[in-house]
Structures are given as structure tokens and as C-alpha cells.
Amino acid sequence: MKRTFFTMVKIALRNVRLQKRRSAFIVLILMIGCTGLLLVAGFFEGVLLNLREQFIHGVTGHLMLAKAGYYGHGVANPFDHLLSSPRSLSERWLNRPEVSAVIPRLQFEGLLSTEQKASAVGIIGVDPVAESRMGLYGNEKGKTSAMKIIEGRDLDPSDPNGIILGRGVSKILKVKISDPLSLLVTTKSGSIDGANYHVRGIFETPIREFDNQFIKINLSSAQTVSQVGDAVTSLLIMLHDTGSTRAVQSDLVHGLKTSSYEVLSWEERGEFYRNGRDILKQINFILQLVFASLIFFSILSSVNMAFFERIREFGTMMALGNPRIFILFLVTMETFLVGLIGVCLGLGMAVLSSLLIAKFGFEMPPLPGSTSGYEAKVVLSPLLFLKVAGIGLIAALLSSLFVSLRAYSLRIVNALGYV
Amino acid sequence: MMRTFPLMKLAKLAFRNLFRNKRRTGLLLLILAIGSSSLIIVGGFLDDLMVHMREDFIHTQNGHIQVSRMGFVEEGVSSPLDFLIDDFPRLSRLLLEEKHVVQVIPRLKLRGIASAGQSSIAVQLIGVQPSAEASMGEYRHTKKSNASFQIMDGRNLNQDDKSAAVVGGALLKNLFLSVNGSINFLTVRQAGALDGGDYSVVGSFQTFMKSFDERTMMIPLDAAQKILGKADAVNSIFLILDSTDRTDPVLSRIRTLLKEHQLTYEVIPWYQQADYYHQCRSFLDKIFTSVILLMMAIFAFTVSNVMTLVLRERTREFGTMMALGNYRVTIFGMILIEAVFLGALSATLGLMTGYLLSQLISWIGIPMPPPPQGTAGYEAVIALSWPLLAKVALLTVLAPIVGAVIPAIQCTRNSIVRALGYV
């Protein structure tokens, strides 16, 4: 029995070599199909990866640590949700190798006014040095940011009275760079306090509502004016590797008393990202479906054509006493062998073309919600390889099964006389 | 004596050749038809995504055309009260007379402080006409698509509401309020006097932007006008047209109409407003063009390779023709004419299958998650357009012709003896 199996494989191999053109055709289709499938899937993978990282580095950070309830209710009552000693907190809990930066933020409400105009604004106290570390990721060129300075300069620790305004806010107040402004806030204790600042820069984000509402000032100035000491409302935690987010999060949740703190990951805070991701995934799925059926039908049609050309051959084999099951097996084996070659070539070609794409670069416009474009990459993973190889081989086997079943029911006399 | 075949005769020969080996022609036809119909399906699917995004944007945010006081769009955020349209009813009547204008939707925006109990937050208040808003959001691109403005809890405003409000879900949470609670809004009027009112919360809404939900509440237009003490005042008027394609002609007609009536208003089409939409669009555009280009490259590559394989098989036939005294040019011409016929046939076949398949798929519908700015999923269809069909048809006709050139040259360069003995 074992010997027959090897004999059959040998015959199948010889048949593949004998019918060079036919084999070449299937190899070609599978090769091109697999390459296409891999490139499309890898391209989407790259876009998704970039969307995620840009979102994390531009907006949410990997994790946000705050007092329990801040995310849900904090905007209205920031001073009820203060982290009172952020430095010791971060030294105690965030001094670990996975963490690359800890970014403190203090957010509250106030009234910003010039001599003529006033507007209620959201104030974000930031540490400019830490913020600039947030936008860096990997060893990619440049940094990503959801915020663009369109006039003047960004915040600087050496200029404690400088503030930057959203584009809309600057329009509302009709101010230009270096104009004076005064800020009134209700402090932690409930009294009203104020301070004078000057406009250092004007920023723009892709979300206009945000630009109409927010200003940024140095963290230390924000802490002084709201009289909260060195407290902050949240700490954004940046990690070296996005993959370790969940591990660090669960460590923190277990370590900290969860009833008084909350640790939220980028996934939990990113409604916007989730929408974008889901739609891209769905598009990718549809495209893969089309590619897979394209491969299947092409192979099916060519194997089917080949069947007619081989009817006499099958008839002869049966006339010589070979069992029908042998023919079924032979056809399947041949297609499988040819398919394997095609799939391997396809994977190789996909790797080559992805390298080529990486070398020449491929500029992408900024993602929605970001201000800087980036270079697209085709990201290939072993899992993707397996999936595509599976699709290709299954398509080949299915179509060969379809044909060999027809061969199974041939009548010898008719087959021998078929032209 | 004729040196070469006359063209008509050659064409006839080529046409017969196509039907001589039915299997070979069938295979090529199939490949071309499958390829072109899948190009049509993918192209139509991606086009539909774009159209959906556009319509969603227009019907939830901006309307097709926005009419407001000169300078409102640039300077309006600063002091919406300086840019009031005082005679909305008259203007509305005027605009509704215009052909293709289906809906006139007034909005009045105020900035102020919303408070409930201990907490207060700076918000924007939007005065809306409930009936008009409802029909604006009612747009359905496909059977099951949904507006990007969603009522999470309670109900939306309706026509009989006098002092009701719907509040962003996040804002409600921040104020520790729930539906049926009471919310107070305070704003500074033109003269500097404070004014406002109390409203009962009848519902909460959610949009795709948390920052919008955190700071927005909506009340009936009448109630908002009452705060200002100006019965007919609005900030801006959105026009909904019966078709997005008519935006430009209607835009210019409205501009002349307003000029005739000596009214100076800003008339702005949706595409000048849509920063976010443009960003999404250019991003998706790039992805889609790359995918389509890749598919086209694969298609062209496959076709040219199949042509090579098929023409190689016929080496002996070409050898025989040459041995009979036919010129190489004749054979070359015949191969190309065959390719033209093949291309035309498969383009017809491909367009037909593509059309039927996309009708079928559209009928079934492709479930999609919400677009980035939406809150609800919808069902995508395959949107077929003439440019898309023309592009695919052109490609399908050209691919076999271009693909045939190199193998045809190779075939006709063979020496006759070799070609005759080729197996």
C-alpha cells in the first residue's frame, strides 16, 4: 500500500513536468493571486498599525492613570479628582522598564479674557518637555502629533507666562501673538483667582470643537493659578512597546487600590480609533474575499479546461485497469503539487515586492485625526503567510476535486473515443 | 499579386480563429471576464464607501449649502450674536422657491454656561427646529444606515417642546444629571446683560466625537430665540438639496438670487466646510487607489502571461502559415486583431457579469461598521458609475492587446523550420 502511494506521487510529479504549460498556468495564477492577497492584507495591516500608533502617540498615550471616576465625571469637577502627589506615585509604580515616559496633565475650566472679550475655555496644563517625548515613536523619522502650531511657538518651560490657544479660541478673543490675556479660575478651595499671560502660539488640531474650546499652559503655571500644589488630574503613560499595554495595565490595577484609582488603556479611551479600525478591517475583509474568489474561479476554469484535454488519457488509464479512485487521487495530487509551488512563489514574490515598496517609500496623507503624513509599509506576518497559503491551496484542491469527480464518472468507451 | 492580406480578410480569419479552438478562447474569456467583473465590484464597493461618507457628512453636519451673514464662517465663533440673520422667515421662503432645494434648516448657536446643582460647564447651545432636523438626519443612503446623531436615552426634541433640551451624553454625565432632570443655561447677551433659562432634559445624544458630546446641548429654536429676545433670528441656514450633484448650479443661482434682492449673505457649499471630511477622504482615496492600481497590475500581468502561454501553443500553426508564404507582418496583424476581438468580447461579458453580480450583492447588502464620524453601522452596496465601467472596459480591451504584442513578436521571429518542428 505504501509503495502504491509513492508510485502515485511519482506519477503525479511526472505529469506535472509533462504538462508544462498547464502546470505553469496554475502556478502563475496562484503566484499572482497570493502575491496580491498578501500585499493588500499587509498594506492594511500597516495602515492599521500606523493608525493605532499615531492615535496613541498623538492623543491618548498607552495608559492613563487618574483618580477613580475622572474619565466619566472629571471634566465638570476636576478638583475632586486630583492625583495629589504624582511624583511619588510615578516613582512608586511607574519606575519600570516598559515605561518610556510619564506625562502629567492638569485639566480644568476657566474664563479667558482680553479687555473687550471673554470666553469660557478648557485649560490643559502640560509639561512641554514630557509632551514632546510623547510624540516620538519607534525610530521612525520625525514625530507624530495631533496638534500643529500654526502661529508663534510651542510652550516652553522658560516662559511660564506664555500660553498657546486653539485656533478657534484665538478667533473668539481676537488676539494675536504676544497679546496679553487674563485667566480667571475657580480654585480648588472655591475662591476665584486669576493671572496674566501672553499669547505664545496658536495651535490647530483636526477637531474643530477642540480648537474652539481649549488652551494649553505650562503645568507649573496651571498648578499655581488653581492652587493645587503639585497635583495633576491625570498621568499619561507611554510604553516602549504597545504590546505590553495589557500586562502593565493589569499590574497597575492589581498594585494600586482600584477603588481610588483608574487605569485606562488607549483601547478603552479610543472611540474614534475603534470606529476607524473596524471600518478598515471590514474593507480589508471584503477585498480578501474578492481576491480569494478570483483565485478560485481562475484555477477552476483552467483545471476544468485541462480536464477535457485529458479525457482520453483518463480513458486509457482506466482501460489499462487502474481503479477510478486512482485517477481521482492523481488529479488531486497533481493540483496540490502545482498549487504548492505557486503558493511558495507567491509568498516569495510578496516579500520581494514589500521590500521594494519599503525601499522606494510610499507617502500616505495624514490619517484622520492627525496632522502629519507618513510612509506606508506592507507588514507581513507568519500568520498572514499561513492564511494566504491556506486560501491558495484550498482553492486549488477544491477546484481539482470538482474536476476529478467528473473524471470519476467517465465511461471508458466514451472517454477513449473523445476528441 | 497582393503581398499581404487585405484587412477585411485578415479580420475574418482572426474572427474564425477565435471559434476554432473554443476551449482556449473560453479560458481567456473567462479569465478576462472574472478579472474585470471583480474590478468592477471592488471599485464600486470603494466608490460607495466614499459616497456614503460624503452623504453622511452632508446630512448630519452641514447641509449641502450654508447661508449666513458675511464673515460668519471665519469670525462667527467669536461672537455669534454679531452675525444674526434677522428675517429668517422671509429668507426661508425665498430659498425654498429655488428648484432642487428640499429643506431649509435654521440653526442658532449660543455660547454660555450650563449648570445643574453644584457643577457648571462651558457649553455651546444650539437652537434647532425639531421637525427640520429630523428630516435632515433622516437621510438613508441604504436600507439600514443610520444618522450619526443618536439618541441614547429618552427621546429627541419634538415640535411641541417649549422648554425641553437634549444634552450630549457625556455632558449629562459630567453634570451628574439624568434624563428628566433640569438644566440651566446662562449666556451673555449683546449688551452685556446675562440671560438664560431652565430646561428639562428629555433625552441625551451621542455623536462620534466625545469632545462634542461633552459640550453641546440642543433646545428648540423658539426657546433659543427667546433667550436673545429676537423672535426671527438665526445664525445660519442649511439647505438640503435633492441631489448632491446639483450643489454647484444651485449655489450660483442662489448667489444671483440674493444679489437681485440686495441681500449680502455668505453662501458656502458643503465641500468648503468639510476639513475633517477632506482628511478622511484623501486618506481613504490613497488606500483605494493603491488597491485598485494593484488589482489592475495583477490583472494586466495575468492576461499578458496567459496570452504568452496560449500563443506559444500555436507556434506550429504560425510556422505553417509562414511556410505557405504568408508574411510575418500578416501573422502579427492577425494575432493583434484576434486580441482586439477577444478584448471586446470579454469586456462585454465582464461588464455584464460585473453588473449582475453587483446588483445581486447590493440586493443582499454588505454589513459595515460605522464610518469614523458615525455611530451606527450601515449596509454598503456596490455603486456603479459610468467612469468606473468605462475604465474597466478600457483596461479589459487593452490588456489582451498589449499582452499579445511581445509573444506575437516572438512567434513571428521564429525560423520557419524550427516553428514547424515545435512541440
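Residues numbered from 1 in each chain as written. Chains lettered and ligands numbered in written order. Predicted model: local features only at pLDDT ≥ 70, side-chain atom pairs only at ≥ 80, totals over all residues. Heavy atoms only, no water.

K.L.:
What's the story with the overall build of chain B in this structure? I'm lost.
P.N.:
What chain B contains, in helices and strands, is 14 helices and 12 strands. The C-alpha atoms of chain B give a radius of gyration of 32 Å, which is well past the 22 Å a tight globule of 423 residues would have. Projected onto its principal axes, the C-alpha coordinates of chain B cover approximately 105 × 50 × 30 Å. Looking at chain B as a whole, 56% of its 423 residues are labelled buried. The long-range share in chain B, meaning contacts at least 24 apart out of those at least 6 apart in sequence, stands at 78%. Roughly 19000 Å² of accessible area belongs to chain B as shown, and the carbon and sulfur atoms make up 60% of that amount. (Helix = DSSP H or I, 4+ residues; strand = E, 2+ residues; numbered from the N terminus. Rg over C-alpha atoms; globule rule 2.2 N^0.38 Å. Buried < 20%, exposed > 50% of the residue type's maximum accessible area, 1.4 Å probe, protein only. Contact = heavy atoms within 4.5 Å. Areas by Shrake-Rupley, 256 points an atom, 1.4 Å probe, with all protein chains shown as cover.)

K.L.:
I keep staring at the overall build of chain A and nothing clicks. Help me out?
P.N.:
Regarding its fold elements, chain A presents 15 helices and 12 strands. By the compact-globule yardstick of 22 Å for 419 residues, chain A is too spread out, its C-alpha radius of gyration being 32 Å. Overall size of chain A, expressed as C-alpha extent along the three principal axes, is 105 × 45 × 30 Å. The buried share of chain A, taken over its 419 residues, is 53%. Pairs at least 24 apart in sequence give 79% of the contacts found in chain A among residues at least 6 apart.

K.L.:
Explain the pattern of salt bridges to me, please; I cannot follow it from the model alone.
P.N.:
Pairs can form between side chains of opposite charge whenever their charged atoms are close. All names here are of chain B. Within the structure shown, the criterion is met by 20 salt bridges over all chains. The residue Arg314 makes a salt bridge to Glu317 at a minimum N-O spacing of 3.0 Å. Classification of Arg314 as buried rests on a relative accessible area of 6%. In this structure Glu317 comes out as buried when scored by relative accessible area, which is 19%. (Salt bridge = Lys/Arg side-chain N within 4 Å of Asp/Glu carboxyl O.)

K.L.:
Sorry if this is basic, but what is going on with the domain arrangement of chain B here?
P.N.:
Accessible area lost when the parts come together is the quantity often used to give the size of an interface. Considered domain by domain, chain B is made up of domain 1 (7-55 + 277-420) and domain 2 (70-264). The centre of domain 1 of chain B, based on its C-alpha atoms, is set 51 Å off from the matching centre of domain 2 of chain B. (Domains from an automatic or database assignment.)

K.L.:
I'm lost on the packing of helix H2 (residues 20-60) of chain A against helix H13 (residues 324-360) of chain A in this one. Help?
P.N.:
A pair of packed helices is captured by two measures, namely the crossing angle of their axes and the spacing between those axes. Residue and element names in this part refer to chain A. Packing of H2 against H13 leaves a shortest axis separation of 7 Å and a crossing angle of 40 degrees. Relative to H13, H2 is oriented oblique. Crossing hand, H2 versus H13: right-handed. Residues Ser23, Ile26, Val27, Leu30, Met31, Cys34, Thr35, Leu38 and Leu39 of H2 touch H13, and the partners they reach there are Val338, Gly339, Ile341, Gly342, Val343, Leu345, Gly346, Leu347, Met349, Ala350, Ser353 and Ser354. (Axes fitted to C-alpha atoms, helices over the stretch in contact; angles between N-to-C directions. Parallel < 35°, antiparallel > 145°, perpendicular 65-115°, else oblique. Left-handed = near helix turned anticlockwise from the far one by under 90°.)

K.L.:
Help me understand the packing of aromatic side chains, please; the structure alone is not making it clear to me.
P.N.:
The way to describe two aromatic rings as a pair is by their centre distance and the angle between their planes. Throughout the structure, instances matching the rule amount to 7 aromatic pairs over all chains. Look at A:Phe79 and A:Phe108: their rings are 5.7 Å apart centre to centre, the planes differ by 35 degrees, and that puts the pair in the tilted class. Taken together, the residues A:Phe79 in the loop between helix H3 (70-73) and helix H4 (86-93) and A:Phe108 in strand S2 (residues 99-113) connect sequence positions 29 residues apart. Judged by its relative accessible area of 16%, A:Phe79 is buried. For the ring pair B:Trp270 and B:Tyr271, a centre distance of 5.5 Å and an interplane angle of 85 degrees mean the geometry is edge-to-face. (Phe/Tyr/Trp six-rings, centres within 6.5 Å; stacked < 30°, edge-to-face > 60°.)

K.L.:
Any chance you could explain unusual backbone geometry here in plain terms?
P.N.:
The bulk of non-glycine residues show a negative phi, and the bulk of peptide bonds are trans. Residues and elements named next belong to chain B. Not every positive phi belongs to a glycine, and His100 is a case in point at roughly 75 degrees. Within the secondary structure, His100 is located in the loop between helix H4 (88-96) and strand S2 (101-116). One non-glycine residue, Asn180, lies in the positive phi region at around 85 degrees. Relative to the assigned elements, Asn180 resides in the loop between helix H6 (169-174) and strand S6 (182-188).

K.L.:
Looking at this model, I keep getting lost on the environment of B:Arg20. Mind explaining?
P.N.:
Within the element layout of this structure, B:Arg20 appears in helix H1 (residues 7-20). One polar contact links B:Arg20 to B:Glu317, side chain to side chain, over a distance of 2.9 Å. (Polar contact = N/O pair within 3.5 Å; in protein donor to acceptor, adjacent residues only side chain to side chain.)

K.L.:
Honestly, the pairing of strand S3 (residues 119-128) of chain B in this entry has me stumped. Any pointers?
P.N.:
In summary, the side chains of a regular strand alternate between the two faces of the sheet. All names here are of chain B. The buried fraction of S3 amounts to 9 of the 10 residues, a majority that puts the element mostly inside the structure. Where S2 meets S3, 10 bridges bridge the pair, whose relative direction is antiparallel. Within the sheet, the bridge partner assigned to Ile113 lies in S3 and is Ala122. Where S2 hands over to S3, the hairpin turn is made up of 2 residues, of which Gly117 adopts a positive phi near 60 degrees. Bridge analysis of S3 against strand S8 (residues 216-220) gives 5 bridges, and the strand direction is parallel. Note on S8: the bridge partner recorded for Val128 is Pro220. (Pairing = 2+ DSSP bridges.)

K.L.:
Looking at this model, I keep getting lost on a nonpolar patch on the surface. Mind explaining?
P.N.:
Residue and element names in this part refer to chain A. On the surface, Ile325, Leu401, Leu405 and Tyr408 cluster together into a nonpolar patch covering about 380 Å² of accessible area. Per-element accounting of the nonpolar patch gives the leading share, 3 residues, to helix H14 (residues 382-408). Within the fold, Tyr408 resides in helix H14. (Patch = residues over 30% accessible without salt bridge, like charges linked within 9 Å, V, L, I, M, F, W, Y side chains within 5 Å.)

K.L.:
Whenever I open this one, the interface of chain A and chain B confuses me. Can you help?
P.N.:
Contact with chain A, which involves 67 residues of that partner, is made by 66 residues of chain B. Summed over both partners, the interface of chain A with chain B comes to about 5900 Å²; 70% of that surface belongs to carbon and sulfur atoms. Remark: the boundary between chain A and chain B carries 1 salt bridge. Among the ionic pairs, B:Arg215 bridges to A:Glu109, the shortest N-O distance being 2.8 Å. The set of elements that each furnish at least two residues to the side of chain A that touches chain B consists of H2, H3, strand S3 (118-126), helix H6 (167-173), helix H7 (208-211), helix H11 (271-309) and strand S11 (363-364) of chain A. Considering every element that reaches the side of chain A that touches chain B, the biggest residue donor is H11(A), with 20 residues. Here the side of chain A that touches chain B is composed, by residue class, of 39 nonpolar, 16 polar and 12 charged. (Buried area = accessible area lost by both parts, 1.4 Å probe. Nonpolar A, V, L, I, M, F, W, Y, C, P; charged D, E, K, R; others polar.)

K.L.:
Help me understand a positive patch on the surface, please; the structure alone is not making it clear to me.
P.N.:
Residue and element names in this part refer to chain A. On the surface, a cluster of positive charge is made up of Lys10, Arg14, Arg17 and Lys20. With 3 residues, helix H1 (residues 2-18) is the largest single contributor of residues to the positive patch. Structurally, the position occupied by Lys10 is in helix H1. (Lys, Arg positive; Asp, Glu negative; His and termini not counted. Charge placed at Lys NZ, Arg CZ, Asp CG, Glu CD.)

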